[in-house]
Amino acid sequence: QENGISLWLDRHDTANISLLPGTILPRFNIAFDPLKPDDNLVPVHFLKSPFPYDEAAKLPWDITPVNDYSPYFNMVRKHAEIIDHTNGIMLDKNTAYLMNKQMEGGVPKDWMHLIVVASVSILFSMIFLLLPILKTRKEQHQWQDMAGDIVYFSCLGVGFILIEIVFIQLFSKLIGFPTHTLVVVISTMLVFAGIGSSYSKKLLMKFNNHSFIFMLIVAYLVLFVLTFESMFYALLGFSLATRIIAAVVIIAPLAFMLGMPFPIGVMSLSGSSNYAVPWVWAINGFFTVVGGFLAIILSVITSFGTVLIIAAVIYAIAMVVAKLHSQRIKREGRV
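The rules behind these values
- Residues numbered from 1 in each chain as written.
- Predicted model: local features only at pLDDT ≥ 70, side-chain atom pairs only at ≥ 80, totals over all residues.
- Heavy atoms only, no water.
- Helix = DSSP H or I, 4+ residues; strand = E, 2+ residues; numbered from the N terminus.
- Expected span 1.5 Å × (residues − 1).
- Bend = angle between axes of the 7 residues up to and from the residue.
- Buried < 20%, exposed > 50% of the residue type's maximum accessible area, 1.4 Å probe, protein only.
- Polar contact = N/O pair within 3.5 Å; in protein donor to acceptor, adjacent residues only side chain to side chain.
- Contact = heavy atoms within 4.5 Å.
- Axes fitted to C-alpha atoms, helices over the stretch in contact; angles between N-to-C directions.
- Parallel < 35°, antiparallel > 145°, perpendicular 65-115°, else oblique.
- Nonpolar A, V, L, I, M, F, W, Y, C, P; charged D, E, K, R; others polar.

Re helix H5 (residues 146-175)
Its 30 residues place the ends of H5 43 Å apart at the C-alpha level, agreeing with the 44 Å of an ideal helix rising 1.5 Å per residue. Taking the largest bend as the criterion, H5 deviates by roughly 30°, centred on Gln169. With 23 of 30 residues buried, H5 is to be regarded as a mostly interior element. Remark: Gly176 follows H5 within two positions and exhibits a positive phi of approximately 100°.

Shown next as C-alpha cells:
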C-alpha cells in the first residue's frame, strides 16, 4: 500500500480501518540511526548525558526523560494547539497526525478526563458548601478568628490529600502492585492518623504550644523527599510482605503526626459560635476535593517531590496561623 492505514475500535467496539493521507510517507520513520548520527529525526545531542534541558524547553512539547519523581511519559503536550510537523521539530508525520486528532473540538482529549473529573468534583463541592454559605446571614454564622480558622482548616485539607495521593504513586514502586499499594497507603494513613487524633487532646493538655508537631511534619516530608529513592532501592530485593511492612513503617510516623492538627484545631474552637465546627469540617472537606485535583496537576507540571515540598509549605502556613491564634488567645485571656 502506498498509503498508511490506521486500525482502531470506536465507542461501540466496532473495528474501523481507514487510509491515512497519502502524504504520510514513508510508512515508517527511523528515529535514530547510529551509523548516521547527524541525519536523524532526533538530533544526536538529545541522546547525550547530561540531557540538554535548555534545548528541550524550546520544543513545543515535552521530551524530557521521565523518572520516579515525574513518570507521566504520555503527557507530552505543552500547548493546546495544532502541531505543524513540517517545521523540523523532531516529530514524524503519523505522530503529529494522531496528536492533532486529539485536538478536534479545541480541547486536548488527553487532558479531558482530568478536566471533567475536576469540574464535576469542584462543582458539587461548591453546590453543597458555598451556596449554603451565601444563603446564610453573616451575623448568625461568623465567629471570632473566623478568617484564620478558614485558612487553617483549608491548609489541612489540601496538605493531607497532597501527601496521600503522592504516596499512592510513589509507593507503587516499592510495593509493585497498584491495588496492594492503594490499600496499604490509604489504610495506613487513616489508621495511624486516627491514632494520632486520639492522642491530640493529651498533647494539647501537656503542651501549650503544639507548633513542634507541624515542624516534625515538615522535617519528615523533606527527609522523605531526600531519601525515598535510596530507601526503595535498598528494599526492592526483599519479599512482597517485607516491602509492605517497610511501607507501613515509613508511612505510620508521618500519618500519626498528620492526625493531630485537625482535632487540635477543633478543640481551639471551643467557646466560638455553635456554627464554627460544622463549617470548618465543610471547609476542610471542600479543600480536600480541590487538593486532590491539584495533586495530579502539580505532579504533571513539576514532580512528586515538588508536590510533597508544597505540602510541607502548606503545613508550615497552618503552623503560623495556629501560632498567631494561640497568641491572640493568651493576650485576651481566653481559655
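What follows picks up the thread again.
With respect to the side chain of Asn284
Looking at where Asn284 falls in the secondary structure, it is placed in helix H10 (residues 276-301). Overall, the relative accessible area of 13% leaves Asn284 in the buried class. At 3.1 Å, the side chain of Asn284 forms a polar contact with the backbone oxygen of Phe153. With sequence-adjacent residues up to four places away left out, Asn284 is seen in contact with Phe153, Leu156, Gly157 and Phe262.

Some thoughts on the packing of helix H7 (residues 211-235) against helix H8 (residues 240-258)
Between H7 and H8, the shortest axis-to-axis distance is 9 Å and the interhelical angle comes to 170°. Taken as axis vectors, H7 and H8 run roughly antiparallel relative to one another. The residues of H8 that touch H7, namely those facing Ile213, Leu216, Ile217, Tyr220, Leu221, Phe224, Met231, Phe232 and Leu235, are Arg243, Ala246, Val249, Ile250, Pro253, Leu254, Met257 and Leu258. For the contact of H7 with H8, the residue count by class is 16 nonpolar, no polar and 1 charged.

These figures capture arrangement, not role.
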